[in-house]
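# Commentary on secondary and tertiary structure
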Amino acid sequence: MKKNIVLIGFMGSGKSTLGRRLAKRLGYKFIDTDSAIEQVTGKTVEQIFRKDGEIRFRSEEKLLARKLSDRSGLVIATGGGLVLNPENVELLKQNGALICLRADPKIILQRVRSKKRRPLLSKGNLLENIIRLSKERESAYAIAELTVDTGKHNYEEVLNQIKRFLEQKGYI
Ligand code: S3P
């Protein structure tokens, strides 16, 4: 059974953009958890946070993690907070290789100027929020088998790095 490739990491680290390209290259199906939740609920991430609250969004993420853990041959770009729940990590690890994407806060800042899907960053100073939250989440993202910096290498290099790792491990 083909392992899922699960991209984790902070908002703006490049999970969706790279995930889509990686899926294409591997011939895998691509799933973006934020988009999947928007489809299932018929609401945008921003609407869910505003109208139903973060707890509701996190329970949608949990349901989705459970569903995806039964599937194989997927590249999954996770929302930045999905792996904060250890249950989700366990589920996704059952049949998945977890790869973390990261970038320095100033680079993240340039990428997340559009905050539509990022209500957690929308109040107060954007750069300060990025620095604080990414510190808080360091240990959660450290569970990845591989971490790649998308601020220091271009997307093509990152893709090659991930692909080499997956080949070495015998995952693809
Ligand atoms: C979140 C990240 C977002 C989205 C939601 C919460 C987070 O996804 O799921 O705004 O807690 O880090 P991206 O990482 O795709 O921006």
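So, here is what we can say about the structure in this document. (Residues numbered from 1 in each chain as written. Predicted model: local features only at pLDDT ≥ 70, side-chain atom pairs only at ≥ 80, totals over all residues. Heavy atoms only, no water.)

### Observations regarding the overall build of the chain
Put simply, the test is: Secondary structure follows DSSP: runs of H or I at least 4 residues long count as helices, runs of E at least 2 residues long count as strands, and numbering of each begins at the N terminus. Based on C-alpha atoms, the radius of gyration is set beside the globule rule, defined as 2.2 Å times the residue count to the power 0.38.
If you tally the helices and strands in the chain, you get eight helices and five strands. Along its sequence from the N terminus, the chain presents helices and strands in the succession β-α-β-α-α-α-β-α-β-α-α-β-α. Scaling as 2.2 N^0.38, a compact globule of 172 residues should have a C-alpha radius of gyration of about 16 Å, and the chain matches this with 15 Å. When the backbone C-alpha atoms are referred to their principal axes, the chain occupies close to 45 × 35 × 25 Å.

### With respect to the site of the ligand
To keep things clear, this is the line we draw: Think of it this way: one heavy atom of a residue within 4 Å of a molecule or strand is enough to make that residue near it. Whenever a nitrogen or oxygen atom comes within 3.5 Å of another N or O atom, the pair is scored as a polar contact, on the condition that within protein one atom can donate a hydrogen and the other can accept it, and that pairs from neighbouring residues in sequence are kept only if both atoms are in side chains. Computed by Shrake-Rupley with a 1.4 Å probe, the accessible areas treat only the displayed protein chains as cover when residues are assessed. Classification used: nonpolar for Ala, Val, Leu, Ile, Met, Phe, Trp, Tyr, Cys and Pro, charged for Asp, Glu, Lys and Arg, polar for all others including Gly.
Within the structure, the ligand sits among 15 residues, and Lys-15, Asp-34, Arg-58, Arg-117 and Arg-137 are positioned closest to it. In the model, an oxygen atom of the ligand is placed 2.6 Å from a nitrogen or oxygen of the Asp-34 side chain. Protein burial of the ligand: of its 380 Å² of free accessible surface, 97% is covered by the chains. Taken together, the elements giving at least two residues each to the shell around the ligand come down to α3 (45-52) and α4 (54-69). Of the residues in the shell around the ligand, the class split is six nonpolar, three polar and six charged.

### Some remarks on the environment of Val-75
Using the following cut-off: Remark: exposure states derive from per-residue accessible area (1.4 Å probe, protein chains only) relative to the maximum for the residue type, with buried under 20%, exposed over 50%, and partly exposed in between. Residue contacts follow a heavy-atom distance rule, with two residues in contact if any of their heavy atoms lie within 4.5 Å.
Tracing the chain through its elements places Val-75 in strand β3 (residues 74-77). When its relative accessible area of 0% is taken as the criterion, Val-75 is described as buried. When the C-alpha atoms of Val-75 and Ala-23 are compared, they prove to be 5.6 Å apart, with 52 residues separating the residues in sequence. Residues contacting Val-75, with those up to four places away along its chain left out, are Ile-5, Gly-19, Leu-22, Ala-23, Leu-26, Tyr-28, Lys-29, Phe-30 and Ile-31.

### Description of the environment of Arg-113
Counting through the fold element by element, Arg-113 comes out in the loop between α6 (105-111) and α7 (126-141). The sequence separation of Arg-113 and Gly-12 amounts to 101 residues, and the corresponding C-alpha distance is 9.5 Å.

### Quick look at the sheet that holds strand β5 (residues 146-149)
Let me state the cut-off plainly: Paired strands are those between which DSSP finds at least two bridges. Axis definition: a line fitted to C-alpha atoms, limited for helices to the stretch in contact. Angles are taken between N-to-C directions and run from 0 to 180 degrees.
The strand order across the open sheet built from five strands is β2-β3-β1-β4-β5, with neighbouring strands paired in parallel fashion. At either margin of the open sheet sits one strand with a lone partner, and together these are β2 (29-32) and β5. Going across the sheet, the axis of each strand differs from the next one's by a mean of 20 degrees, ignoring polarity. With six bridges connecting them, strand β1 (residues 4-9) and strand β4 (residues 96-102) associate as parallel partners.

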